[in-house]
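Commentary on secondary and tertiary structure
Residue strings, one per chain:
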Amino acid sequence: MASLITCPHCGTRPKEEFSIRGTALGRPHPAVSEEDWHRYVYLRDNPKGRYQEYWHHAAGCRRWLVVDRDNVTHDVFGVTDAATFGRVGE
Amino acid sequence: MTSYRLGNAGSVNRGQPLTFTFDGKNYKGFEGDTLASGLLANDQMLMGRSFKYHRPRGPVTAGSSEPNALMTIGTGARSEPNVRATVAELYNGLTAVSQNRWPSLTFDVGAVNGLLSPMLGAGFYYKTFMWPAALWEKLYEPVIRRAAGLGKLAMQADPDRYEKSWAHCDLLVIGSGPTGLMAALAAGRAGARVILVDEGFRLGGSLLSESASIGGVSPADFAAAMIEELEALPNVTLMPRTTVFGWYDDMVFGAVERVQKHVGTPSPDLPMERLWRIAAKRAILATGSEERPLVFGGNDKPGVMTASAVRTYANRYGVAAGGKIAVFTNGGSGYRTAADLVAAGVDVTAIIDARAQSADAVPDNVRVIRNGAVVSTKGRKRLEALIAERSGFQEQIACDALAMAGGWSPIVHLMCQRGAKPVWSDEAQAFLAPDVGAAFIAAGSAAGQDRISACLKDGATKAVALARELGFAAYEMNIPEVEGEYDPAFAPIWYVPGARDKAFVDFQNDVAVSDLGLAQREGFRHIEHTKRYTTAGMATDQGKLGNVATIGIVAGMRGVSPAAIGTTTFRPFYTPVSFGALAGTSRSEHAAPVRTSPLHDWAKKNGATFVEAGLWHRSAWFPREGEKGWRDSVDREVKNVRRNAGLCDVSTLGKIEIFGKGAAEFLNRIYCNNFLKLPVGKARYGLMLREDGMIFDDGTTSRLSETHYVMTTTTAYAAEVMSHLEFASQTFWPELDVRFVSSTDQWAQMSLAGPKARAIISRVVEDDISDAAFPYLAAKPVTLRGGLKARLFRISFSGELAFELAVPAGYGEAVADALMEAGKDEGICAYGVEALNVLRIEKGFITHNEIDGRTTPDDLGYGRMLAMQKADFIGKRQSSRFGLTAADRMQLVGLKPVEVDKEFMAGAHLLKEGATPSMANDQGWVSSVCHSPTLGHVIGLAMLKSGRERYGEKIVVWDGLRGKEVAAAVCPPVFADPDNRKLQE
């Protein structure tokens, strides 16, 4: 895991300021099928390598962020505010 | 006692003598000595006993890789075991004692293990102590542990302080030898922020032990001049006595600084040690190289040392390792050591060179035995002679110290701690640092350079390149001329054949060549298996000295290159780090912050007993004169609340201010019940679900204006709820205009409950709070008499007429005092969380005992709150799944004992009458229990299968943990005022 995370609002901060929630996953529309909801609530991939996680800058700006990182090499490819994550070109 | 101190050699401060003790005996040393050099100067070569065989041992090194000279330093609570005497800085009054021996270091009964050594080879205890298995834990293991071991811990609390700190720099230079000093200066002169770290108490590294001349001055003087310039640079930080022990992600290095380890009377104003995290843009590994011991018969006698250690003791500390020193070498290091000793006036008896020929300069009048080998040594507590062999001819050579030079291994540990493995080089006959990218590079002898001149140049060149990369205008450095350098080249010899005694590869753990052979024969061939089977490379030195020889010998046994064997895994810490340093200030009462309510002092002066609830210290009950136990106080408080009135501190409940045009819609999606139409001036109880349909938290939320709400959460979930709201707002519905701020600490909040509550509070509040003007669930800003603005909520967690009054935190105590005064004639009392709990159980209100992550609103009797007609709320979709609506789910019920004098406790399980206790027969469990002073017996809340259909049923409360069974009747979960008449009064 990275030692330092560059928050888009606060700059480079130690990882102890953050808490991690898990895979960054969009909440389904309330009307989609029960199967989709089941997948959203209960099923998670456990990827080896690059993936996106929700991190909360709990001891900083208190924004939820999406950290794009590799859990093997520990490289961090980018940190974005969760409110704008996945909305580009939507 | 012979003095081995040499004339005026070395850089110890002869003007500053120090006294110290070892095993109760007094010794004298000088400022600048280590404990080991001080002992050697006093003819004290025997410094410890080995781990397994209790063999007498002396120091092998003069540095941090020392496996043998481990001692306990200090007394009482400050005694520290397993300190390496070779790095422990001497101070006046230092007290050291030897370890792992009984009754004394010179006569150790445990040495009998040595006689048994044929039976005690690798893995002996796995094979020997197998049967009966029961004896392993009771007998074998404790006995083995006592016989084999290191020092003992002080059993008192550590009296010293420790702290943690961050540091930031452009360039971190690890090691202050020739490479590190040049690197630091090159980057420092360019203006880069440089941190130069060295584990030694004096900067200069190997320069302090060298005998060449650099730029016309001695290496030690050259180092001193460099350090003087570095000290004058404001952008350079020098950190002696600091070990970089780990390299972590994002170029963060862990280091421990020994701030006061070398001080006889530590200052209470300074920490003993400081743990550093250093965030560096670039780093240079200038850790140098380690001289390898040779593996020959009897190589562990006290007096056998690496040649570089012998040189360091002579050149730096002015101490001769012996009176008559022999040298066993495979390269130039042995010859240079002999030359330095001769120059210092020490008798060198012979140089035994494993090679047939070499170009190394031989000091005058020193005999050289080429193509020779040492096959055995004589002496027990100190070396007396060695047996040298050449072509089958053996001769005994008298000596009291032996300098062994087995070649050099770059110290690459830090670079290998994040997964990269060191790379074997046939040319260097050593493992070299791996390529770990451009930000962290090895330089000097850590990078395989073997001469001082090459190290000076390498350090400068690499630092200039790194500084330029970071945008600094760095200039090439002038490299001073080095005169009298020697060629440290060597021809590796992993194992000296013909050994007549045990030949050790790992001194600390008594691992001999024969153990490595056994491991290969018995199938533990992978180097990681060999390590664990033989314990080679374990314990406090982690094989710094022996690992490369272990790999070389295993390679030799298998007839392959060391490259094919590879290394074991490198991990932090490079050298041992104390738990004190790792804990820092987080110990005892500082391990976690203490949160006290703004009404803490009010509770204290009213005699409260406090209870820890998470980080909070909450008032639990308020004992009075004559009450025999907590139950007396709680019963009185409960009765008084139901009869008169009581005041309770509820400031610890989470409070979140919610603002924005989208707040109403947001709350409507956060809570499972309706919130959209909550009127201004009203509070509403809400249930928050998780997305899986289970209850997450509960509490009231009040609307103070169209766009301003204040939410209360449970004490335990205040932080979680805040994060949850932020998560939902920021990731689910960023389009909703809503903002949050926690105001838990800003408000002192008190609950005034009981039939006389209104009479009392109306004496403090100016506003009309009659039932008509301020009905149940009213929530409004009010003005207190005297003008203070406050918030008043008509909410109840007791079932009584109740008000919660919130005032700015700083006014809490004064307002609580005023309420107590106003209620004096009405019989007001202070009550704590215990009475609060009894009151809520009597009323059937839920807490996290019931909201345990497995319960739905319907399970707890709040099914009607689920507003399924809403388009969306968190948890809606999963709430209708069949498993969450099944008829046999556990439901909240009340329990009363059939015989009123019988008691049961929370955590007990429920069984049908006559059923045997089993998972299959389990009917549910008891979640909350109290003695109800209102009813005069124990009552409980429980989760019971299809519970609401079973009111009136007799059930068994089975408490297997406490061995109790009590018959109880199932009843509705509300014991007091089921029609809520009191709330509406």
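Scope of this entry: the structure provided in the associated data block. Since the model is a prediction, treat every value here as computed from it, not as a measurement.

With that settled, consider the interface of chain B and chain A. Contact residues are listed per partner, giving 26 residues for chain B and 28 residues for chain A. Between chain B and chain A, the buried area comes to about 2,400 Å², and carbon and sulfur atoms account for 48% of it. Sorting the residues of chain B by area buried against chain A places B:Phe727, B:Gln730 and B:Arg877 first, and these three jointly supply 28% of that buried surface. Run the count over chain B and chain A and you get five salt bridges. Its salt-bridge partner being B:Arg881, residue A:Glu34 comes within 3.9 Å of it at the nearest N-O pair. In this assembly, chain B and chain A are joined by 15 residue pairs in polar contact (both at pLDDT 80 or more). Secondary structure elements with two or more residues in the side of chain B that touches chain A: β14 (273-285), α18 (718-732) and α22 (876-879) of chain B.

Excluding glycine, residues mostly have negative phi values, and the peptide bonds linking residues are mostly trans. Residues and elements named next belong to chain B. For the bond from tryptophan 102 to proline 103, the omega torsion is 5°, close enough to zero to count as cis. Cis peptide bonds are those with omega within 30 degrees of zero, and the linkage from proline 572 to phenylalanine 573 qualifies with 10°. Structurally, the position occupied by phenylalanine 573 is in the loop between α13 (562-565) and α14 (579-583). In this model, histidine 54 sits at a positive phi of 55°, which is unusual for a non-glycine residue. One non-glycine residue, threonine 535, adopts positive backbone phi at about 65°. With respect to the element layout, threonine 535 can be found in the loop between α11 (527-534) and α12 (547-558).

All names here are of chain B. By the secondary structure assignment, threonine 575 is in the loop between α13 and α14. Since its relative accessible area comes to 4%, threonine 575 is described here as buried. Those residues within four positions of threonine 575 in sequence are excluded, and the remaining contacts are Ser64, Arg84, Thr243 and Lys544.

Moving on: the packing of helix α16 (residues 630-643) of chain B against helix α21 (residues 833-843) of chain B. Residues and elements named next belong to chain B. Their axes nearest at 9 Å, the elements α16 and α21 cross at an angle of 55°. The angle between α16 and α21 falls in the class oblique. Like other packed secondary-structure pairs, α16 and α21 cross with a definite hand, here right-handed. Within the contact between the two elements, α16 uses Trp630, Val634, Glu637, Val638, Val641 and Arg642 and α21 uses Glu834, Ala835, Val838, Leu839 and Glu842. Looking at side-chain class alone, the contact of α16 with α21 contains seven nonpolar, no polar and four charged residues.

About the cut-offs
Residues numbered from 1 in each chain as written. Chains lettered and ligands numbered in written order. Predicted model: local features only at pLDDT ≥ 70, side-chain atom pairs only at ≥ 80, totals over all residues. Heavy atoms only, no water. Contact = heavy atoms within 4.5 Å. Buried area = accessible area lost by both parts, 1.4 Å probe. Salt bridge = Lys/Arg side-chain N within 4 Å of Asp/Glu carboxyl O. Polar contact = N/O pair within 3.5 Å; in protein donor to acceptor, adjacent residues only side chain to side chain. Helix = DSSP H or I, 4+ residues; strand = E, 2+ residues; numbered from the N terminus. Buried < 20%, exposed > 50% of the residue type's maximum accessible area, 1.4 Å probe, protein only. Axes fitted to C-alpha atoms, helices over the stretch in contact; angles between N-to-C directions. Parallel < 35°, antiparallel > 145°, perpendicular 65-115°, else oblique. Left-handed = near helix turned anticlockwise from the far one by under 90°. Nonpolar A, V, L, I, M, F, W, Y, C, P; charged D, E, K, R; others polar.

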